[in-house]
Amino acid sequence: MTGNNDIKFTYTMSDSTILQLLGRQIKQMRLNINMTQKQLSQKTGVSRSIISVIENSGQGSTSSLAAILRGLEKLEILNVFITNAPVSPIQVAKLGGKIRQRASVEKQAKTNNNKALW
């Protein structure tokens, strides 16, 4: 991998492929700062074997991923997940001023049925 723009994730990729690519990126970030898996393990508290699994297959927990990114000083990568999704004023009015906390199966079925009509 020569740069961040080399990989473009697409919906046609399998989950396994996406995770493998993420693992390779983590490995490359570690190598770019000349850090061994053992050093990263000592810095993060994540076992060397878990780091190896994540780098080679992308499989692992989100808490391990967060710890590894923190250890690599790349935690800002996760900022992409923070969105300022606007709350629909119509939805708030329908819910009596409350903000929706969970999805409703009944409402989803209704919405899906309405979509089919259009």
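Computed from a prediction, not measured in an experiment: that's the story for all the values here.

Engineer: Would you take a moment to explain the overall build of the chain for this structure?
Structural biologist: Secondary structure summary: the chain contains 6 helices and 0 strands in total. In sequence order, the secondary structure elements of the chain are arranged as α-α-α-α-α-α. In the chain, buried positions account for 20% of the 118 residues.

Engineer: I would appreciate a short explanation of helix α2 (residues 37-44) in the present structure.
Structural biologist: Helical geometry note: an α-helix holds 3.6 residues per turn, so side chains three or four residues apart project in the same direction. Looking at α2, one finds that the buried residues are Q37, L40, S41 and T44. End-on, the buried residues of α2 take up no more than an arc of 105°, which puts them together on one face. Looking at α2, the residues exposed on the side facing more than 90 degrees away from the buried face are K38 and Q42. Looking at the packing, one finds that the buried side of α2 touches α1 (15-32), α3 (48-57) and α4 (62-71). Looking one or two places after α2, you find G45, whose phi comes out positive at around 85°.

Engineer: What is the right way to look at the pattern of salt bridges in this model?
Structural biologist: Oppositely charged side chains can form a pair if their charged atoms are brought close together. What the rule picks out here adds up to 2 salt bridges. Measuring nitrogen to oxygen at the nearest pair gives 2.6 Å for the salt bridge that ties E55 to R30. Of this pair, E55 sits in helix α3 while R30 sits in helix α1, and the two are 25 residues apart along the sequence. Across the pair, exposure class does not vary: E55 and R30 are buried alike.

Engineer: Explain the nonpolar core to me, please; I cannot follow it from the model alone.
Structural biologist: Soluble globular proteins tend to bury their nonpolar side chains together. In terms of nonpolar packing, the biggest core is built from 11 residues, these being I26, M29, M35, L40, V46, I51, I54, A67, I68, L69 and L72. Breaking this core down by element, the ones donating at least two residues are α1, α3 and α4. It is α4 that contributes the most residues to this core, 3 residues altogether. Beyond its immediate stretch of four places on either side in the chain, I26 contacts I54, E55, L65, I68 and L72.

Engineer: Is there a simple way to explain α4 in this structure?
Structural biologist: Among the residues of α4, S64, A67, I68, L69 and G71 are the ones counted as buried. Buried residues in α4 make contact with α1, α2 and α3. Trailing α4 by a residue or two, E73 shows a phi angle of about 55°, which is positive.

Engineer: What exactly am I supposed to notice about the packing of α2 against α4 here?
Structural biologist: Helix-helix packing: each pair is described by the crossing angle between the helix axes and the interaxial distance. Axis separation between α2 and α4 bottoms out at 9 Å; the angle between their running directions is 105°. Classed by the angle they form, the pair α2 and α4 counts as roughly perpendicular. Facing L40, K43 and T44 of α2, the residues of α4 in contact are A67, I68 and G71.

Quick notes on the rules
- Residues numbered from 1 in each chain as written.
- Predicted model: local features only at pLDDT ≥ 70, side-chain atom pairs only at ≥ 80, totals over all residues.
- Heavy atoms only, no water.
- Helix = DSSP H or I, 4+ residues; strand = E, 2+ residues; numbered from the N terminus.
- Buried < 20%, exposed > 50% of the residue type's maximum accessible area, 1.4 Å probe, protein only.
- Arc of directions from axis to C-beta.
- Contact = heavy atoms within 4.5 Å.
- Salt bridge = Lys/Arg side-chain N within 4 Å of Asp/Glu carboxyl O.
- Core = buried A, V, L, I, M, F, W, Y, C linked by side-chain atoms within 4.5 Å.
- Axes fitted to C-alpha atoms, helices over the stretch in contact; angles between N-to-C directions.
- Parallel < 35°, antiparallel > 145°, perpendicular 65-115°, else oblique.

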